[in-house]
Amino acid sequence: MNIEILEFNRDKFINECKIASNSLEEFSWDNNKWSSYLLFYELNLNQKKTTNKKYLSKEFINIAKAVIFHECLDNPNKGKNYIVSLRLIESSLRTHYKKANICMLTYRTLEYAQVLAFKRYSNNKASNHCNNMLKIIRLLVSKKIISPNMRFLDCYFKEYYDRLTSAGNEHKMPNDDAIRFLCNLFSRKLVSPRDIFTTSIFALLMSAPWRISEVVNLRHDCEVIQHSVDGVARYGIRYIGAKGYGEDIKWIPSAMQPIVKEALKRLRELSNNARRVASILEKIDECRKFKRILLDDESIHEIKSLFNTCERINNIRVGDIQEMISLLESKKPKGFPFVNGNKHLRYSSMLCLLNKNQLHATNKTCDYEIYMSTTKLYMHDISQRYLKDKIKNWENIFERNGVAEQKKYHLRTHQIRHLINTLAQRGGLSDVDIAKWSGRTHVKQNRVYDHMTNDELFTASVCFMRDEEVDIQTALKNNFGEGFSHIQNIINEIKYFQRNVGDNSVDLSDTRLLIDLLPHLESIYYNLKKKEDKHGKKIQ
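None of these values were measured; they are calculated from a predicted model. (Residues numbered from 1 in each chain as written. Predicted model: local features only at pLDDT ≥ 70, side-chain atom pairs only at ≥ 80, totals over all residues. Heavy atoms only, no water.)

Caption draft 1: How the structure looks around the pairing of strand β7 (residues 342-346). Relative to β7, strand β6 (residues 338-339) is paired through two bridges, and the arrangement is antiparallel. Following the sheet pairing, Phe 338 is matched in β7 by Arg 346. As consecutive antiparallel partners, β6 and β7 are separated by two residues, and within that stretch Asn 340 has a phi angle of approximately 55 degrees, a positive value. (Pairing = 2+ DSSP bridges. Helix = DSSP H or I, 4+ residues; strand = E, 2+ residues; numbered from the N terminus.)

Here it is in structure tokens:
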């Protein structure tokens, strides 16, 4: 399209927005500071704070104002993000053409704008700015201000983002030494309640692709056993999925079932007294609700047994049942009897309910006060400690057991989820099964958790395309060593469950596995092409 026509459409769009702004009170189009958020400054390439900020160039500032006025004048946060994307586009145009004429926008200038975004900002922020660029491009195409060929930008952005972020995902996988140490620690007879709690949660995380919040919010009676058509018992854990997934059952492979049962047993023992206190409080609330003063003899005996270790507590006479009830009620958690306002979760049924100071290294446990353990309680015990944390008087599980000095042991809970998902991908489980097992509402999210190397993908895809089942097993075993047989057993059991027990049967044929691998072929081809360009050899 002729550049003069594009510029005419640009000026027409700017004039329409400028005329519409005249109807707004206390609004000046010519002012370059519309609010504390909407500041039309150019991109600071030096990444240093400076007081001498420059405004966007004359060729660009009016179209930037028109975009902001049209899209996000009533949404300051959205406008703030849009301005960053506009700055990136303006900087790229000036770099390539010495002037920022939006009508001259091309794929080349946009690619440079993306490079600037990922150099200057974190991956998450840069991807958000790139998505905002995409929305701006759609607006400009609809107004016929830039070339209509730019409407194909969706695929280009996705390809670039995947290519850029796929190489920097090593930190999402856990440290092998830390995994082995925690596995070894769980196998011992532990005495410390804090170690028992941390290793038991870790064992549950290793049994399936959990989120830490899903494990912490498990009920003490979460175990489920269902029988398939041929009478085989299947063992699972009932849970409430995060991110709106809802309640479901996470099926556990037979190799992990004894470990999961032992972990649940240890957590039940830890939370036994706290759940007893919660049950007593629920009975007291029920008596208050129906205006009954007296409790049954069993409840009164349980209340007295909570205080039998102390002669006097905060001027409360042990033996005076009314004073003890008042003390218990004063220590109730906020929102009792429901956890975080969720009516499906009651304190008396929670697996990870604890007494105050129960996991503390020095303070005595308070048997009559309870609290719900949080994700942070577990995460702090396995995460890396920084200098500011070392000032505080606490140690993580690696420091308590004397291994922190040897190696920098630390984990993040979501790394284990990435590990389990990658093992499932390597074992050949379909994307639909992985998404269901992981508790995801969208199958497309699987690609974020797939950390198979390009060589692994290439070997597996060649075997599948040749339709040689024996060679598939051999190739995968060569890639994954002795761990392949164990992984394959897990995958086979999940497939068996889908066929015999699952409500929604899923097609798990090799055709499905081949289709799942096809999206990765583009990435493999791209890396091979890079090698060809580097070495000057043609790849057959």
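Caption draft 2: Inspection of the packing of aromatic side chains at higher detail. Under the defined criterion, the tally for this structure stands at eleven aromatic pairs. With a centroid separation of 5.3 Å and an interplanar angle of 75 degrees, the aromatic rings of Trp 210 and Tyr 239 are classed as edge-to-face. Here Trp 210, found in the loop between α8 (193-207) and α9 (212-216), pairs with Tyr 239, found in strand β2 (residues 233-241); they are 29 residues apart in sequence, far enough to count as distant. Note on Trp 210: relative accessible area 2%, which makes it buried. Geometrically, the ring pair formed by Phe 398 and Tyr 409 is tilted, given 5.6 Å between the ring centres and 35 degrees between the ring planes. On the criterion of sequence distance, the pair formed by Phe 398 in helix α15 (residues 397-400) and Tyr 409 in the loop between α15 and α16 (413-427) is long-range, its members being eleven residues apart. We classify Tyr 409 as buried; its relative accessible area is 14%. Put simply, the rings of Phe 27, Trp 29, Trp 34, Phe 40 and Phe 69 pair up and form one aromatic cluster. Cation over ring: Lys 65 sits above Phe 40, and NZ or CZ is 5.8 Å from the ring centre. The ring centre of Tyr 235 lies 5.0 Å from the NZ or CZ of Lys 261, which sits over that ring. (Phe/Tyr/Trp six-rings, centres within 6.5 Å; stacked < 30°, edge-to-face > 60°. Buried < 20%, exposed > 50% of the residue type's maximum accessible area, 1.4 Å probe, protein only. Lys NZ or Arg CZ within 6 Å of the ring centre and 35° of its normal.)

Caption draft 3: Molecular detail of the packing of helix α11 (residues 297-306) against helix α12 (residues 321-330). Relative to each other, α11 and α12 sit at 70 degrees, their axes nearing to 10 Å. When the interaxial angle is binned, α11 and α12 end up roughly perpendicular. Listed contacts from α12 to Ile 300, Ile 303, Lys 304 and Leu 306 of α11 are Ile 321, Met 324, Ile 325 and Leu 328. When grouped by side-chain class, the residues that make up the contact of α11 with α12 number seven nonpolar, no polar and one charged. (Axes fitted to C-alpha atoms, helices over the stretch in contact; angles between N-to-C directions. Parallel < 35°, antiparallel > 145°, perpendicular 65-115°, else oblique. Contact = heavy atoms within 4.5 Å. Nonpolar A, V, L, I, M, F, W, Y, C, P; charged D, E, K, R; others polar.)

Caption draft 4: Molecular detail of unusual backbone geometry. Of note, the amide linkage connecting Phe 336 to Pro 337 takes the cis form, showing an omega dihedral of 10 degrees. The topology assignment puts Pro 337 in the loop between α12 and β6. Positive phi is not limited to glycine here, since Asn 357 has a value of about 65 degrees. By the secondary structure assignment, Asn 357 is in the loop between β8 (353-356) and β9 (366-372).

Caption draft 5: Molecular detail of the environment of Asn 81. Tracing the sequence through the fold places Asn 81 in helix α3 (residues 76-97). Sequence separation between Asn 81 and Tyr 37 is 44 residues; the distance between their C-alpha atoms is 9.4 Å. In this view, Asn 81 contacts His 129 and Asn 132; residues no more than four positions away in its chain are not counted.

Caption draft 6: View of the pattern of salt bridges. Considering all chains together, one arrives at 14 salt bridges under this definition. Across the pair Arg 266 and Glu 262 runs a salt bridge whose closest N-O atoms are separated by 3.0 Å. With Arg 266 and Glu 262 both in helix α10 (residues 257-289) and four residues apart, the pair spans about one turn of that helix. We classify Arg 266 as buried; its relative accessible area is 14%. Where Asp 381 meets Arg 400, a salt bridge forms, and the shortest distance between an N and an O atom there is 2.7 Å. (Salt bridge = Lys/Arg side-chain N within 4 Å of Asp/Glu carboxyl O.)

Caption draft 7: Just the environment of Tyr 82, in detail. If you trace the backbone, Tyr 82 turns up in helix α3. In contact with Tyr 82, not counting residues within four places along its chain, are Val 67, Ile 68, Glu 71, Cys 72, Asn 132, Lys 135 and Ile 136.

Caption draft 8: Looking closely at helix α7 (residues 176-186). Here α7 has its buried residues at Ala 178, Ile 179, Phe 181, Leu 182, Leu 185 and Phe 186. Seen end-on, α7 carries its buried residues on one side only, within an arc spanning 165 degrees. Residues of α7 that are buried sit in contact with α8, α10, α15 and α16. For α7, the N-terminal capping position is held by Asn 175, with its side-chain oxygen 2.8 Å away from the main-chain nitrogen of Asp 177. (Arc of directions from axis to C-beta. Polar contact = N/O pair within 3.5 Å; in protein donor to acceptor, adjacent residues only side chain to side chain.)

Caption draft 9: Seen up close, the sheet that holds strand β3 (residues 246-251). Reading across the sheet, the three strands line up as β1-β2-β3 and stay open at both edges, with antiparallel pairing between neighbours. At either end of the open sheet lies a strand with only one pairing partner, and these are β1 (223-227) and β3. The average undirected angle you get between the axes of adjacent strands in this sheet is 40 degrees. Strand contacts of α10: β1 and β2, with the helix running at about 50 degrees to β2, the strand carrying the most contacts.

Caption draft 10: Quick look at the side chain of His 129. Within the secondary structure, His 129 sits in helix α5 (residues 123-142). By relative accessible area, which is 6% here, His 129 ends up buried. Setting aside residues no more than four positions away along its own chain, His 129 makes contact with Asn 81, Val 84, Ser 85, Leu 88 and Tyr 121.

Caption draft 11: Examining helix α17 (residues 431-438) more closely. Counting buried positions over the eight residues of α17 gives six, a clear majority of the element. Listed as buried for α17 are Asp 431, Asp 433, Ile 434, Ala 435, Trp 437 and Ser 438. Positive backbone phi, approximately 75 degrees, marks Gly 439, located one or two places after α17.

Caption draft 12: Summary view of the confidence of the model for the protein chain. Of the residues in the protein chain, 72% reach a pLDDT of 70 or more, and the chain-wide mean stands at 77. Mean pLDDT across the elements of the protein chain ranges from a minimum in helix α14 (residues 387-390), with 45, to a maximum in α8, with 94. Taken together, the stretch residues 467-472 has pLDDT below 50 and engages in five contacts with residues farther than four places along the chain or on a different chain. This model gives residues 479-484 a pLDDT under 50, and the stretch forms eight contacts once residues within four places in sequence are excluded. (pLDDT = per-residue confidence, 0-100.)

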